[in-house]
Amino acid sequence: MEKRDGSFAPAGVYKQRAELYKGSLTSYVVISCLVAAVGGALFGYDIGVSGGVTSMDAFLKKFFYKVYVKKRKAHENHYCKYNDQGLAAFTSSLYLAGLVASLVASPITRKYGRRVSIVCGGISFFIGAVLNASAVNLAMLLLGRIMLGVGIGFGDQAVPLYLSEMAPAHLRGALNMMFQLATTSGIFTANMINYGTAKIPEWGWRLSLGLAVLPAILMTVGGLLLPETPNSLIERGSKEKGRRILEKIRGTQEVDAEFEDIVDASELANSIKHPFRKILERRNRPQLVMAICMPAFQILNGINSILFYAPVLFQTMGFGNATLYSSALTGAVLVLSTVVSIGLVDKLGRRVLLISGGIQMTICQVIVAIILGVKFNGDDELSKGYSALVVVVICLFVIAFGWSWGPLGWTVPSEIFPLETRSAGQSITVAVNLLFTFIIAQCFLSLLCSFKYGIFLFFAGWIVIMTLFVYFFLPETKGVPIEEMVFIWRNHWFWKRMVPGTPDVEINEVK
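Values in this document were obtained by computation on a predicted structure and should not be read as measured data. (Residues numbered from 1 in each chain as written. Predicted model: local features only at pLDDT ≥ 70, side-chain atom pairs only at ≥ 80, totals over all residues. Heavy atoms only, no water.)

Student: Break down the packing of aromatic side chains for me, citing the residues and quoting the values.
Tutor: Evaluation of the coordinates by the stated rule reveals 20 aromatic pairs. Ring-pair connections join several aromatic residues into one group, and the members of that group are Phe297, Trp405, Phe469, Tyr471, Phe472, Phe473, Trp489, Trp493, Phe494 and Trp495. Against the face of tyrosine 195 rests lysine 199, its NZ or CZ located 4.8 Å from the ring centre. The aromatic ring of phenylalanine 259 is capped on one face by arginine 243, whose charged end is 5.2 Å from the ring centroid. (Phe/Tyr/Trp six-rings, centres within 6.5 Å; stacked < 30°, edge-to-face > 60°. Lys NZ or Arg CZ within 6 Å of the ring centre and 35° of its normal.)

Structural data, given as structure tokens:
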């Protein structure tokens, strides 16, 4: 406790007790995390299905006839034939809706718990999938996309928090990555479905969009059956129930140290009436910077452009009928590399994976740019040999992303915030991620038309910046209990000047 003007304020977690934490990985935690992580499948399925559907002739003919006509022209410049702001809006409208929804979800997640937001996300996504599958005009299609965005905003806000709070400290990275594994599995599943539905001439696109109801149902039902996290229960005043859940998920009754950390953090959290205002204070600057930079860099490396528009990108390079097959290949590679990351993240740490992944992604982007710049002028098609080489290099890029920035772009921000600003911080992370996803989705086709092969050098430049950012400014969080994360900032060469020695609270915020 800290005294100011004769009053006392909660000081949060002021004592390191990590070595006293007891318990192990229980089947209860594994099942809970697997069910919750289905929320990632919503995001992944949409990323995968959007690119495939926008390359299907029946879909383009019905909603984007101008693009369909341009696509059919034999001598159209390959880089520019899909450049249409309406088509880009179909993809990007979802992410703008998700951005707004993630900010709305923050107070709901904090006040009513993580499960409520997960259920809200599942219901919204279900409604959006039904609207898209039955769309008869562009307005109905875009309304469906907006509802999908609301579902993603709620899901992305609550699920990573849920996973971080349920997982034991020494396995938090691996369990948190279940979200990204579900995302990549959703992408791969969507790619395989698109590969099949592309053979159904008139209504295959409806089936692709409509099957999104399946992960939505899983997420909704799962959210209703899941236990609430002990952190959320204790923060909302249910200490006894929170302790019972903590004992159950840790598999032991010796949870005093972890329980005391959560209680200390919850007392501070409940004294904060304006978490978004609190997060702007100097002492929270490290977490705020990470909440903005990590999700922004996760998008600015170019991965979503490749995953959104993989079918379009491969058609641009003259792959013809092999388009959806090629994008399904990248989806499979992404799933496998994420599985590798789950096994390595709590052994090698976050920094090693992020830096090594950044180096490999940079090299891959430069190689693709050189091949396209030298061998592809936009009017002809690449030879089979060079086309195959481009696919191989893009797969190597996806592999690097899958073990590094893919999962860790979500994991790191979700584990670094103290309880009092955790929900607000996760909202900022999701909002920034969706903002940059929206910008890139809306601009990519125009950028591809303008920059041509230079688009890959554009993304390579950002990868260099984000790799240097991790090297200099991100401390290692491996094995650090979530409620004791403040100590890593106090020991960092740069951030220690902003983080006080003892957490404190302004007394006028305490009632």
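Student: Can you break down the layout of surface pockets residue by residue, with the values?
Tutor: Rolled over the atoms, a probe sized like a water molecule indicates the empty space that remains. In this model, the second largest pocket occupies a volume close to 150 Å³. As for the second largest pocket, its lining consists of twelve residues, of which Tyr21, Lys22, Pro168, Ala169 and His170 are closest to the centre. Counted by class, the lining of the second largest pocket contains five nonpolar, four polar and three charged residues. (1 Å grid on protein atoms, 1.4 Å probe; cavity = no way out; pocket = protein on both sides within 12 Å on 5 of 7 lines; lining within 4 Å. Points joined across faces, edges and corners; volume = space filled by probe spheres on them. Nonpolar A, V, L, I, M, F, W, Y, C, P; charged D, E, K, R; others polar.)

Student: Tell me about helix α12 (residues 239-250), and please be specific about residues and values.
Tutor: An α-helical segment advances 3.6 residues per turn. Residues three or four places apart therefore align on the same side. Between its terminal C-alpha atoms α12 stretches 16 Å, which fits the 16 Å expected from twelve residues at 1.5 Å a residue. Within the sequence span of α12, burial applies to Gly242, Ile245, Leu246, Ile249 and Arg250. Across the axial projection of α12, the buried residues extend over an arc of 120 degrees, all falling on one side. Those residues of α12 that are exposed and angled more than 90 degrees off the buried face are Glu240 and Arg244. Each element contacted by the buried residues of α12 is listed here: α1 (27-53), α6 (138-166), α11 (230-235) and α13 (256-271). Just downstream of α12 lies glycine 251, where phi reads positive at about 75 degrees. (Helix = DSSP H or I, 4+ residues; strand = E, 2+ residues; numbered from the N terminus. Expected span 1.5 Å × (residues − 1). Buried < 20%, exposed > 50% of the residue type's maximum accessible area, 1.4 Å probe, protein only. Arc of directions from axis to C-beta. Contact = heavy atoms within 4.5 Å.)

Student: Can you break down the confidence of the model for the protein chain residue by residue, with the values?
Tutor: For the protein chain, per-residue confidence averages 83 on the pLDDT scale, and residues scoring 70 or more make up 85% of the total. Confidence over residues 1-11 falls short of pLDDT 50; this stretch has 25 contacts with residues more than four positions distant or in other chains. Across residues 503-511, confidence stays below pLDDT 50; counting only partners more than four residues off in sequence or on other chains, it has 31 contacts. (pLDDT = per-residue confidence, 0-100.)

Student: Outline the nonpolar core, supporting the account with residue identities and numerical values.
Tutor: Of all hydrophobic cores here, the largest spans 128 residues; its most connected members are Phe59, Phe64 and Trp405. The biggest single contributor to this core is α1, with twelve residues. Ignoring anything within four residues of it in the chain, the contact list for tryptophan 405 reads Met294, Phe297, Gln298, Asn301, Leu354, Met361, Met466 and Val470. (Core = buried A, V, L, I, M, F, W, Y, C linked by side-chain atoms within 4.5 Å.)

Student: Residue-level account of the packing of α6 against helix α22 (residues 419-451), with values.
Tutor: It is at 9 Å that the axes of α6 and α22 come closest, and there the two elements cross at 135 degrees. The angle between α6 and α22 places the two elements in the oblique class. Seen from above, α6 lies across α22 with right-handed handedness. On the side of α6, the interface is formed by Ile152, Gly153, Asp156, Gln157, Pro160, Leu161 and Glu165, while α22 contributes Leu419, Arg422, Ser423, Gln426, Ser427, Val430 and Leu434. Partitioned by chemical class, the residues of the contact of α6 with α22 number six nonpolar, five polar and three charged. (Axes fitted to C-alpha atoms, helices over the stretch in contact; angles between N-to-C directions. Parallel < 35°, antiparallel > 145°, perpendicular 65-115°, else oblique. Left-handed = near helix turned anticlockwise from the far one by under 90°.)

Student: A description of a nonpolar patch on the surface should follow, citing residues and the corresponding values.
Tutor: Together, Ile123, Phe126, Ile127, Val130, Leu214, Ile217, Val221, Leu224 and Leu225 line one region of the surface with nonpolar side chains, adding up to about 810 Å² of accessible area. Counting residues per element, the nonpolar patch draws most heavily on helix α10 (residues 213-225), which supplies five residues. Its place among the elements puts isoleucine 123 in helix α5 (residues 114-133). (Patch = residues over 30% accessible without salt bridge, like charges linked within 9 Å, V, L, I, M, F, W, Y side chains within 5 Å. Areas by Shrake-Rupley, 256 points an atom, 1.4 Å probe, with all protein chains shown as cover. Salt bridge = Lys/Arg side-chain N within 4 Å of Asp/Glu carboxyl O.)

Student: Describe the side chain of arginine 145, and please don't skip the residues or the numbers.
Tutor: Tracing the chain through its elements places arginine 145 in helix α6. Look at arginine 145 and you get buried, because its relative accessible area is 0%. Polar contacts involving the side chain of arginine 145 include one to the side chain of serine 50, which spans 3.3 Å. Look past the residues within four positions of arginine 145 in its chain and what remains in contact with it is Asp46, Ser50, Phe90, Thr91, Ser93, Leu94, Tyr95 and Asn132. (Polar contact = N/O pair within 3.5 Å; in protein donor to acceptor, adjacent residues only side chain to side chain.)

Student: Tell me about the side chain of threonine 467, and please be specific about residues and values.
Tutor: Here threonine 467 shows up in helix α23 (residues 454-473). When near neighbours in sequence (up to four residues on either side) are disregarded, threonine 467 contacts Ile355, Gly358 and Ile359.

Student: Kindly report on the state of the cysteines, identifying the contributing residues and their values.
Tutor: Throughout the structure, instances matching the rule amount to zero disulfides. Of all cysteine sulfurs, the one in cysteine 364 lies closest to cysteine 395, which takes part in no disulfide; the gap is 9.8 Å. (Disulfide = S-S within 2.5 Å.)

Student: Residue-level account of the pattern of salt bridges, with values.
Tutor: Enumeration over the complete set of coordinates arrives at 13 salt bridges. One salt bridge in this structure joins glutamate 235 and arginine 110, with 3.2 Å as the shortest N-O distance. In this pair, glutamate 235 sits in helix α11 while arginine 110 sits in helix α4 (residues 85-112), placing the two residues 125 residues apart along the sequence. We note that glutamate 235, like arginine 110, is buried. A salt bridge links glutamate 258 to arginine 250; its shortest N-O distance comes to 2.9 Å. Of the residues examined, glutamate 258 reaches a relative accessible area of 11% and is grouped as buried. A single salt-bridge network, built from bridges that share partners, covers Arg172, Asp346, Arg350 and Glu415.

Student: Tell me what's going on with helix α15 (residues 285-300), and back it up with residues and numbers.
Tutor: Across its 16 residues, α15 extends 22 Å between first and last C-alpha, which sits within 8% of the 22 Å expected from 1.5 Å per residue. The element α15 is extensively covered by neighbouring structure, given that 13 of its 16 residues are classed as buried. Glycine 302, located one to two residues past α15, shows a positive phi value of around 95 degrees.

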